[in-house]
Amino acid sequence: MLKSADKIRARLASSNIVWTSASGSRPGKKPFKLDVKRSDDLLRQSSQSSYSPETIPVHGVTVLESKSPVEDLFETLEIDDSESEKQTSLSEVTKISKEVLQEGIAQLHPKIWTAVVDQQAIHETLEWQNTYKTVDMSFEQSRMETGNKRWAKPWGGSGHGYERVRDKTGPYFKGGAFTDEPRRPFISNFHMIDRVTRVKALVSCLTLKFLQGDMILVSNLSNSIDSISKKLNIKREPEMSYLVLNKDNNYPIPLENWIRSKKYYNLFPVEGLNAKSLLKYDKLILDLETLEYLEKRLLFEIERFDLLESHDEPEHPLLNSYWSSIMTSWKDEKFNQGGYRSGHHRFYKDWPQSF
Amino acid sequence: MLRTSTFRRVATSAQVNNINPWKFVEDILPPIQIPQPDMNQKFPTPTGWQPPSKDLQSFDYPFFVERNRFHELDLVEEERSTEFFDLNYDNRYQDKHDIALRKRNPSDDLPVTHLYNCSGDIFQLRHEICQYLEELSGEPVAGQADEPEARITVTGKYAYFIREFLYKKGF
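Let us look at the structure shown here.

Calculation rules
Residues numbered from 1 in each chain as written. Chains lettered and ligands numbered in written order. Predicted model: local features only at pLDDT ≥ 70, side-chain atom pairs only at ≥ 80, totals over all residues. Heavy atoms only, no water. Helix = DSSP H or I, 4+ residues; strand = E, 2+ residues; numbered from the N terminus. Expected span 1.5 Å × (residues − 1). Buried < 20%, exposed > 50% of the residue type's maximum accessible area, 1.4 Å probe, protein only. Pairing = 2+ DSSP bridges. Contact = heavy atoms within 4.5 Å. Salt bridge = Lys/Arg side-chain N within 4 Å of Asp/Glu carboxyl O. Axes fitted to C-alpha atoms, helices over the stretch in contact; angles between N-to-C directions.

### Details of helix α5 (residues 195-211) of chain A
Residues and elements named next belong to chain A.
Turning to step 1, where the next piece is worked out: Helix length check: α5 (17 residues) gives 24 Å between terminal C-alpha atoms against 24 Å at 1.5 Å per residue, within 8%.
Turning to step 2, where the next piece is worked out: Buried within α5 are the following residues: Thr197, Val199, Ala201, Leu202, Val203, Ser204, Cys205, Leu206, Thr207, Lys209 and Phe210.
Turning to step 3, where the next piece is worked out: Two residues or fewer after α5 comes Gly213, characterised by a positive phi angle close to 75°.

Quick look at the structure:
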């Protein structure tokens, strides 16, 4: 029921209120006092703030043998649970009961799993992933390919106010006057993005997966993945897609055969990990070996120092026109930007012997 | 007359294929992996470097400043004059940005210090840094806290003093 405008205006005028809240003033409600010294004290002192400071993570990969219950999963950021299957077979009974238990606690490296999420890097990497393999194969149609009927008079002869024409293919028409050989070579959209950006995007996606609870650490990659993931799927969401990471292309054969039949489980080697797949799949399943290998590779990329890349080589201002003259200037220069700078040599001598 | 005798033979022996054209360059360049610092020495080192303290977790600060890959605190002093494209060598090629840089008023350049890899309650850290620097210098110091970039920017060239302050804290 709407109150009349007069009553509201009278109330406002009498109590000298500039604006009112929707709930109005309740008898028990006390005014919220603030001792504001700085503008951001408001955020700090208000009880509604969900901002909690980040703790200092410790890095290392250790697996403890203690069997502690699954509680306080989000107390500190560096603890993650690895779950495994335990077979308890009773000696004289045919039934075998399998339980999904937490086998221990693993520690994750903070630079990879609690890194600052760079959305700009993720966007650039996704754009790059979608376009770097594309090839521009567009072409100009010849007269026969336009689809216009041959010698189809647009208007019959004289009397309409326009010139006499046989068909709409002459130079006086927009989209007309094409030659017999309108093809051009394909233009490839191949370009590379800075390694730093790609690494940042990968690390940001892994951080998202961990902090949003989409990471599952398993002691053995095997058929047990099914039961573990189902047990962790507390809300019983249907159609949950899983990204199962393995160190190499050489997957354990029973796992490979089992996963071939599964629709929502996908096997990836660590080389095949990319930002788009990490965001596409719901959950990420890792083995402890795979985790160690992945962390090693990523840390190498994060902490490496190439002397040749450390100083900016001022790009010659004529490089853009050089690339476009090679690729022919059929299209705008933006398609030819970022021609791959060849001539960079990777010095493998001082890379680690094995990852 | 057959032309086989005039064909040039391509050498395929192992000696020829083993040539590494980058050998002399590789010998000069430093390794890609950055070495870990030697922790069995007295700190601070003669240069003034200090590792993060072992009791850092127990101090329980609401913020955290990481070290960069060179095990240093990432402090960068910047002024607009350092952005020049090198026209000393070749001034035939210049675009509108080079011209704008030359035509700007240099008294509008602001000297500024950046501190990277800050996480946690960045606003608290900025407040503390600004307080400390204002006490030191006596003049007002403005600070910018950029959370997604994990960076704090401070007007003035205070890299040495910020480093001292953070070493005292234990970062």
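From this point, things continue past the structure.
### Thoughts on the pairing of strand β5 (residues 143-146) of chain B
Residues and elements named next belong to chain B.
Turning to step 1, where the next piece is worked out: Here β5 pairs with strand β6 (residues 151-155) via four bridges, running antiparallel. Its bridge partner lying in β6, Asp146 is registered against Arg151.
Turning to step 2, where the next piece is worked out: A loop of four residues connects β5 with β6, the two strands running antiparallel in sequence, and Ala150 in this loop sits at a positive phi of about 60°.

### Brief notes about the side chain of Arg151 of chain B
Residue and element names in this part refer to chain B.
Turning to step 1, where the next piece is worked out: As for its position among the elements, Arg151 is in strand β6.
Turning to step 2, where the next piece is worked out: What makes Arg151 buried here is its relative accessible area of 18%.
Turning to step 3, where the next piece is worked out: Other than its neighbours up to four places away in sequence, Arg151 contacts His114, Leu115, Tyr116, Gln144, Ala145 and Asp146.

### Structural notes on the pattern of salt bridges
All names here are of chain A.
Turning to step 1, where the next piece is worked out: Across all of its chains, the model carries 11 salt bridges over all chains by this definition.
Turning to step 2, where the next piece is worked out: Notably, a salt bridge pairs Asp214 with Lys283, separated by 3.5 Å at the nearest N-O pair. Placement of the pair is Asp214 in the loop between α5 and β5 (215-218) and Lys283 in strand β8 (residues 283-287), with a sequence separation of 69 residues. For the pair shown, Asp214 and Lys283 are each scored as buried.

### Describing the environment of Asp146 of chain B
All names here are of chain B.
Turning to step 1, where the next piece is worked out: Structurally, Asp146 can be placed in strand β5.
Turning to step 2, where the next piece is worked out: Note: C-alpha distance between Asp146 and Tyr116 (30 residues apart in sequence) is 9.5 Å.
Turning to step 3, where the next piece is worked out: In this structure Asp146 touches Ile122 and Arg151, once residues within four positions along its chain are discounted.

### So, the sheet that holds β5 of chain B
Residue and element names in this part refer to chain B.
Turning to step 1, where the next piece is worked out: Overall, antiparallel pairing links the four strands, which are arranged β2-β3-β6-β5 in an open sheet. Each of the sheet's edge strands pairs with one partner strand only, and the pair in question is β2 (75-78) and β5. Neighbour-to-neighbour, the strand axes of the sheet open up by a mean angle of 20°, direction not taken into account.
Turning to step 2, where the next piece is worked out: Here helix α5 (residues 122-137) sits on the sheet and contacts β3 (112-116), β5 and β6; the angle it forms with β5, its principal contact strand, is near 160°.

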